[in-house]
Amino acid sequence: MLKLNKKGSLIVISGPSGAGKDTVVNKLKEINDNIWVSISCTSRLPRGSEIDGKDYFFLTKEQFEEKINNNEFLEYAVYNDNYYGTPLYKINEKLNEGIDVILVIEVQGALYVKQHVKDAIFIFIMPPSMEELKNRLVNRKTESKDKILNRFKTAYNEINEITKYNYVVVNDEIEKASNKVNSIIMSEKCRVDRIEDVYVSNKEEMIHELLMDKKFDNE
Ligand code: 5GP
């Protein structure tokens, strides 16, 4: 019998700041109830209406470094002078329950996961244009000009790494983009390499059962 591996997939989503990754993932949560979005730790200060434990776990630099020393992260990176990291806590538990785990992380962290985790899926969210990205960053009005400039320069570096991802989704419309991400997740579940290698293990037994089946006795 063919048996599908029912374990959840690890899906890594990156894209420049302002590409709308979080909005796409929030929409995705509405259309797919089999996903769990990891909440990262960061040493940066909360921005706008962000809430501790919902948007991030906000830590001091020292608290973050203590967690690094205790090997509490799947990956972590320094981005625009702040630490960001994915807590290991709960990830395996969710995957074993068959739930797909989503990490929304920047490129360095994603590339680390690519080297260390087998079978993860990598999706890059692109803004419709760099002009649009600039407008989105400026219109957020939550950061200084310097910080926005930094994020904009970093965006160019991140886009340079796009070929290391498996899929690219342009976020021109939230609904369309989240549907595309969902389709990617669904089609990954149908991959032939998710078939577990167990189907020949009881071949002789199955053939014997068929030979002995009484239904054919009158033939
Ligand atoms: P922001 O400051 O805009 O919330 O996040 C800056 C960047 O850090 C974004 O690209 C975001 O996806 C990324 N990020 C958030 N959490 C993590 C994490 O746990 N690890 C890594 N490597 N990047 C993260």
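Before reading further, recall that the structure is shown in the block above.
No experiment lies behind these values; they were computed from the predicted model shown. (Residues numbered from 1 in each chain as written. Predicted model: local features only at pLDDT ≥ 70, side-chain atom pairs only at ≥ 80, totals over all residues. Heavy atoms only, no water.)

Asks: Any chance you could break down the sheet that holds strand S2 (residues 10-14) for me, citing the residues and the numbers?
Replies: In spatial order, the strands read S3-S8-S2-S9-S10; together these five strands make up an open sheet with parallel pairing. In the strand order of this sheet, the two ends are held by strand S3 (35-37) and strand S10 (167-170), each with one partner. Averaged over neighbouring strand pairs, the angle between their axes works out to 25° when direction is ignored. Pairing of S3 with strand S8 (residues 100-104), which is carried by three bridges, proceeds in the parallel orientation. Bridge assignment links isoleucine 35 to a residue of S8, and that residue is aspartate 100. Sheet strands in contact with helix H1 (residues 21-31) are S2, S3, S8 and strand S9 (121-126), and its direction is about 160° off that of S8. (Pairing = 2+ DSSP bridges. Helix = DSSP H or I, 4+ residues; strand = E, 2+ residues; numbered from the N terminus. Axes fitted to C-alpha atoms, helices over the stretch in contact; angles between N-to-C directions. Contact = heavy atoms within 4.5 Å.)

Asks: Describe in detail the nonpolar core, supporting the description with residues and values.
Replies: Ranked by size, the top nonpolar core spans 23 residues in total, and within it Leu10, Val12, Ile91, Leu103, Val113 and Phe122 carry the most contacts. Of all the secondary-structure elements, those providing two or more residues to this core are S2, helix H3 (91-96), S8, helix H4 (107-116), S9, helix H5 (130-139) and helix H6 (145-159). Considering every element that reaches this core, the biggest residue donor is H6, with four residues. Counting residues in each nonpolar core, the second largest holds 16 residues, with Val24, Ile125, Ala177 and Val181 among its members. (Core = buried A, V, L, I, M, F, W, Y, C linked by side-chain atoms within 4.5 Å. Buried < 20%, exposed > 50% of the residue type's maximum accessible area, 1.4 Å probe, protein only.)

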